[in-house]
Amino acid sequence: MKQKLFLVTMVAIAMASCSNDEIVKTSPGQAIDFRTAMATRAITETTNGNLTGFFVTAFSENDAEKAYFENLEFTREGENSSIFTSNTKYYYPGDGSQLTFYAYSPSKDNENSKFTINNDTDKITLTGFSPAKDISKQIDLIATSATGSKENTDGVKLSFKHLLTQICITGINTNSAYDIKVKGIRIGQFVSQDDYEINSDPQHSRWKSNDQNKEIYEIISEQEVSLSEESQELMFGHGNAMLIPQSTTSWNPDIDKGNNDKGAYFSLLVRITTQNGAVVYPFKEDTREYAWAALGIERNFIEGTKLTVTLDFSEGAGWVDPTEEIKPGEPILGEEIKFDVEVEDWMEEEDWNPWENDFEDPFA
């Protein structure tokens, strides 16, 4: 009987609320929100101006075993606002205890970059992060950590940093003897998966350098670019590559033509002809119009930096890409054409007198 009376009472309250514009709220305390800034040495895809949202996992010092909330999205309050809030509202503990926030973008559920989240007492790990194989779909990965309490009435400041290396490939050719057309780029055998630890102290956040998995990333365009004396960008309007920071070991075609050791290299999809139109590459056995020309790369690619790589075809054309079926690892051009010249001396004959023989004058 008491249960029925309680239900009827609740219905009466609900009906009264529908007919009354005044809503009485309990005092919720300080809502959790953030102010953002980008901390980086590079100019990359994500900036203060175009950051629209990010995701946060939080822990309370009162309970380090379970997340206060996990993978919660925070979005910009307004177009020109510096404050980011969540649709599902969380509030600081009223006892003044601190929350530790781990913020990152994109979400673990983004289709173009995969990872899972593992929680620990002083860090979370973006486990198995993997950029999209298609360079045109790769996106910036940013992250940071911070602490806050109910005293943070203006929002906790988050200083994001870029976790990936941004690579832009360009090409140049100052040798007028050759016409080089490019329709694609390839970044070969770069580490494709790694774990990133976001530490409660941002200075100790790091990649764990698991370099077992490697991938070939590429762009193939319908439009071609003719290389000239001025360096030209070869990303074909798809944006720069966003890859895991790493130290690469170069592919060495002299030792490993098929690249069984998975050395790193850059490659261009090219057609090379002489000034007169004679086809140099692809080779005559290859019926395709374009083929891959590669160059090994050994370098330390640093987190949060943008690197512009210029491939210079002025004095060579690299080696046949190790994935090609025809002559992988062979140099595309041989030695420079030159000649060792010797001009022979004149041969001398005995003096000859045409009147030596007394022939009848034909004009007599």
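In case you missed it, the structure is sitting above this.
Quick notes on the rules
- Residues numbered from 1 in each chain as written.
- Predicted model: local features only at pLDDT ≥ 70, side-chain atom pairs only at ≥ 80, totals over all residues.
- Heavy atoms only, no water.
- Pairing = 2+ DSSP bridges.
- Helix = DSSP H or I, 4+ residues; strand = E, 2+ residues; numbered from the N terminus.
- Buried < 20%, exposed > 50% of the residue type's maximum accessible area, 1.4 Å probe, protein only.
- Patch = residues over 30% accessible without salt bridge, like charges linked within 9 Å, V, L, I, M, F, W, Y side chains within 5 Å.
- Areas by Shrake-Rupley, 256 points an atom, 1.4 Å probe, with all protein chains shown as cover.
- Salt bridge = Lys/Arg side-chain N within 4 Å of Asp/Glu carboxyl O.
- Lys, Arg positive; Asp, Glu negative; His and termini not counted.
- Charge placed at Lys NZ, Arg CZ, Asp CG, Glu CD.
- 1 Å grid on protein atoms, 1.4 Å probe; cavity = no way out; pocket = protein on both sides within 12 Å on 5 of 7 lines; lining within 4 Å.
- Points joined across faces, edges and corners; volume = space filled by probe spheres on them.
- Nonpolar A, V, L, I, M, F, W, Y, C, P; charged D, E, K, R; others polar.
- Core = buried A, V, L, I, M, F, W, Y, C linked by side-chain atoms within 4.5 Å.
- Phe/Tyr/Trp six-rings, centres within 6.5 Å; stacked < 30°, edge-to-face > 60°.
- Lys NZ or Arg CZ within 6 Å of the ring centre and 35° of its normal.

Enquirer: I'd love a proper account of the sheet that holds strand β13 (residues 206-207), names of residues and values included.
Expert: Within the open sheet, the four strands sit side by side as β6-β7-β12-β13. Their pairing is antiparallel. Since the sheet does not close on itself, it has two edges, and those belong to β6 (113-119) and β13, each with one partner. The pairing of β6 with strand β7 (residues 123-131) spans six bridges and is antiparallel. Counted as the bridge partner of Ile 117 is Leu 126 from β7.

Enquirer: Give a description of the pairing of strand β18 (residues 265-274) that names residues and reports values.
Expert: The element β18 is extensively covered by neighbouring structure, given that eight of its 10 residues are classed as buried. Of the pairings in the sheet, the one linking strand β11 (residues 178-191) to β18 comprises 10 bridges and is antiparallel in character. Residue pairing in the sheet places Lys 181 in a bridge with Arg 271 of β18. Sheet topology places β18 next to strand β20 (residues 291-296); six bridges connect them, and they run antiparallel. Paired with Phe 266 across the bridge in β20 is Leu 295. Between β18 and strand β19 (residues 279-281), which pair antiparallel and follow one another directly, the connecting turn spans four residues, one of which, Gly 277, has a positive phi of 100 degrees.

Enquirer: Tell me about a negative patch on the surface, and please be specific about residues and values.
Expert: A surface patch of like charges, here negative, comprises Asp 312, Glu 315, Glu 335 and Glu 336. Topologically, Asp 312 is positioned in strand β22 (residues 306-312).

Enquirer: I'd love a proper account of empty space enclosed by the protein, names of residues and values included.
Expert: What the rule picks out here adds up to one cavity of 30 Å³ or more. If you add up the space inside the largest cavity, you get close to 50 Å³. Tyr 281, Phe 283, Asp 286, Arg 288, Ala 291, Val 320, Glu 324, Glu 325 and Ile 326 are the residues that line the largest cavity. Residue composition of the lining of the largest cavity, grouped by class: five nonpolar, no polar and four charged.

Enquirer: Explain the nonpolar core to me, using residue names and the numbers behind them.
Expert: Ranked by size, the top nonpolar core spans 36 residues in total, and within it Ile 167, Ile 169, Ile 187, Phe 190 and Phe 266 carry the most contacts. For this core, the leading source of residues is β11, giving five residues. By size, the runner-up hydrophobic cluster in this structure holds 18 residues, among which are Ile 117, Leu 163, Ile 198 and Ile 244.

Enquirer: Residue-level account of the side chain of Asp 140, with values.
Expert: Structurally, Asp 140 is set in the loop between β7 and β8 (142-148). Despite its burial, Asp 140 remains without a salt bridge, the nearest opposite charge being carried by Lys 306 at 11 Å.

Enquirer: Describe in detail the packing of aromatic side chains, supporting the description with residues and values.
Expert: One pass over the structure, following the stated rule, counts 17 aromatic pairs. Taking 6.2 Å as the distance between ring centres and 80 degrees as the angle between the ring planes, the aromatic pair formed by Tyr 92 and Phe 101 counts as edge-to-face. Per residue, the accessibility class of Tyr 92 equals that of Phe 101, and both read buried. Following the ring pairs from residue to residue traces out a cluster consisting of Phe 54, Tyr 68, Phe 69, Phe 74, Phe 84, Tyr 90 and Phe 160. Positioned over the ring face of Trp 292 is Arg 186, at 4.0 Å from the centre of the ring.

Enquirer: Could you give an account of unusual backbone geometry, naming the residues involved and the relevant values?
Expert: The omega angle of the peptide bond from Ser 105 to Pro 106 is 10 degrees, so this bond is cis rather than trans. Tracing the chain through its elements places Pro 106 in the loop between β5 (99-105) and β6. The omega torsion across Tyr 281 and Pro 282 is 10 degrees, close enough to zero to call that bond cis. Assignment of secondary structure puts Pro 282 in the loop between β19 and β20. Positive phi values are uncommon outside glycine, yet Asn 71 reaches one of about 50 degrees. Position of Asn 71 relative to the elements: it lies in strand β3 (residues 69-76). A relative accessible area of 15% places Asn 71 in the buried class. Even without being glycine, Phe 236 reaches a positive phi, approximately 55 degrees.

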